[in-house]
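The lines below spell out each chain.
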Amino acid sequence: MAYKLACAETGAQCPFEVVTTTRDELIEHVKVHVQAAHPEMAGNPPSPETIDKLIHVV
Ligand SMILES: [Zn+2]
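Read on for an overview of the structure. Just so you know, these numbers come straight off a predicted model, no measurement behind them.

1. Details of the coordination of the zinc ion
Logical step 1: Around the zinc ion, the protein contributes the donor atoms Cys7 (SG), Cys14 (SG), His33 (NE2) and His38 (NE2), at 2.0 to 2.3 Å from the metal centre.
Logical step 2: Every donor counted, the 4 donor atoms about the zinc ion form angles of 104 to 114° at the centre, which fits tetrahedral coordination.
Logical step 3: Summarised as a motif, the one-chain spacing of the donors to the zinc ion is C-x6-C-x18-H-x4-H. Placement of the pair is Cys14 in the loop between strand E1 (3-6) and strand E2 (17-20) and His33 in helix H1 (residues 23-37), with a sequence separation of 19 residues.
Logical step 4: Taking relative accessible area as the criterion, His33 reaches 12% and is therefore assigned buried.

Have a look at this one:
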């Protein structure tokens with residue numbers, strides 16, 4: 001089992017995708033990506049409910 005998130009699903013024009021083996025690891029990767037690539041989102045982060053919808057178990 002793995003966890004996957006595609007940045008494009010947020011509506012961003014961004015090819016970033018990440019797949020990890022744990023949910024916590026996925027969240028950490030996404031945080032780092034948002035800070036690096038989407039500083040405008042870092043000040044207004046998506047809610048945990050929104051993040052849950054973006055995470056797919058693959
Ligand atoms: Zn992105």
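Next, the rest of the story.
2. Thoughts on H1
Logical step 1: Along its 15 residues, H1 runs 21 Å from first to last C-alpha, staying within 8% of the 21 Å computed at 1.5 Å per residue.
Logical step 2: Of the surrounding elements, those touching the buried residues of H1 are E1, E2 and helix H2 (39-42).

3. Some details on the environment of Ala8
Logical step 1: Inspection of the secondary structure assignment puts Ala8 in the loop between E1 and E2.
Logical step 2: In this structure, the C-alpha to C-alpha distance between Ala8 and His38, residues 30 residues apart in sequence, is 12 Å.
Logical step 3: Aside from chain neighbours lying at most four places away, what touches Ala8 is Cys14 and Phe16.

4. What to know about the nonpolar core
The nonpolar side chains of a soluble globular protein tend to be buried, and buried together.
Logical step 1: By size, the foremost hydrophobic cluster in this structure holds 9 residues: Tyr3, Leu5, Val18, Leu26, Val30, Val34, Ile51, Leu54 and Ile55.
Logical step 2: Every element with two or more residues in this core is listed here: E1, H1 and helix H3 (48-54).
Logical step 3: A per-element tally of this core places H1 first, with 3 residues.

What counts and what doesn't
Residues numbered from 1 in each chain as written. Predicted model: local features only at pLDDT ≥ 70, side-chain atom pairs only at ≥ 80, totals over all residues. Heavy atoms only, no water. Donors = N, O, S within 2.8 Å, 3.2 Å for Na, K, Ca; no water. Tetrahedral: all angles 85-135°; square planar, octahedral: opposite > 155°, others 65-115°. Helix = DSSP H or I, 4+ residues; strand = E, 2+ residues; numbered from the N terminus. Buried < 20%, exposed > 50% of the residue type's maximum accessible area, 1.4 Å probe, protein only. Expected span 1.5 Å × (residues − 1). Contact = heavy atoms within 4.5 Å. Core = buried A, V, L, I, M, F, W, Y, C linked by side-chain atoms within 4.5 Å.

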